[in-house]
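Next come the chains, spelled out residue by residue.
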Amino acid sequence: YKGTYILTGATLADDFSNDLFTTGIVQAGTPLQGLVSYIGDTDWVKVGLSKGVTYVIDLAGDISDSAQLDPLVDPLLTIRDANGNFIARFDDFGGTLNSRAYFTPTEDSLYYLEAKSAFKYDIGAWKLSVNQAPPDDFGAAMDATAAALSLGMAKAGEIGIPGDRDVFKVSLEAGKVYQLSVDGL
């Protein structure tokens, strides 16, 4: 077939800039969607974090129906301070290509979370969430505050964040042999 046609195209507008002047803001408990819309695009998002509070920050390829592009294949998360200086980078978590950070700020401040792809030629939709880490169920101190165990009674606990330790105390009689077990789920 012969004929004439006109082929037109357009690029997606950049949703968030990659500097201190970004309009992107994420709040704890409310996920934010965005796009790596061209090769080399990075998106910075502002977040206010509190000193001494541990946060779980997830950056994942957005698979929701509201995503404007296919999911970003390998999201890469960078945390920056209020001046835009690099603090830490997080990639591939839990057997996936998504990123997760456990971050405990050393000061109350504004921080920047940078979303981009770990692959040079990847574009796609991402979803960023910031949440407080789960509360510690059992303390880590080997003192009188340790949780008491009774023989024959199981206690369920959770290692909530990397570095979490759950310490227990139990009364035992000298000269007896005991079998203790810890089972993961």
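In this report, we go over the structure that sits alongside the text. Computed from a predicted model, the values in this text were never measured in an experiment. (Residues numbered from 1 in each chain as written. Predicted model: local features only at pLDDT ≥ 70, side-chain atom pairs only at ≥ 80, totals over all residues. Heavy atoms only, no water.)

So, the packing of aromatic side chains
Point 1. For the structure shown, the criterion picks out 5 aromatic pairs.
Point 2. Ring centres of Phe-16 and Trp-126 lie 6.1 Å apart, and the angle between their planes is 40 degrees; on these two criteria the pair is classed as tilted. In this pair, Phe-16 is assigned in the segment before strand S1 (32-36) and Trp-126 in strand S8 (residues 124-132), connecting sequence segments 110 residues apart. Accessibility classification places Phe-16 together with Trp-126 in one group, the buried group.
Point 3. Judged by centre distance (4.7 Å) and plane angle (55 degrees), the ring pair of Phe-138 and Phe-168 falls under tilted. (Phe/Tyr/Trp six-rings, centres within 6.5 Å; stacked < 30°, edge-to-face > 60°. Helix = DSSP H or I, 4+ residues; strand = E, 2+ residues; numbered from the N terminus. Buried < 20%, exposed > 50% of the residue type's maximum accessible area, 1.4 Å probe, protein only.)

Observations concerning the pairing of strand S4 (residues 75-80)
Point 1. Where burial is concerned, most of S4 is hidden: 6 out of the 6 residues are buried.
Point 2. Covered by surrounding structure in S4 are Pro-75, Leu-77 and Ile-79 together with Leu-76, Thr-78 and Arg-80, the residues of both alternating faces.
Point 3. Of the strand pairs in this sheet, S4 and strand S7 (residues 109-117) are connected by 6 bridges, and their pairing is antiparallel. Considered in S7, the bridge of Arg-80 is made with Tyr-112.
Point 4. In terms of strand pairing, S4 meets strand S5 (residues 86-90) through 4 bridges, oriented antiparallel. Bridge assignment links Arg-80 to a residue of S5, and that residue is Phe-86.
Point 5. Here S4 hands over to S5 after 5 residues, with Gly-84 in that stretch at a positive phi of 90 degrees. (Pairing = 2+ DSSP bridges.)

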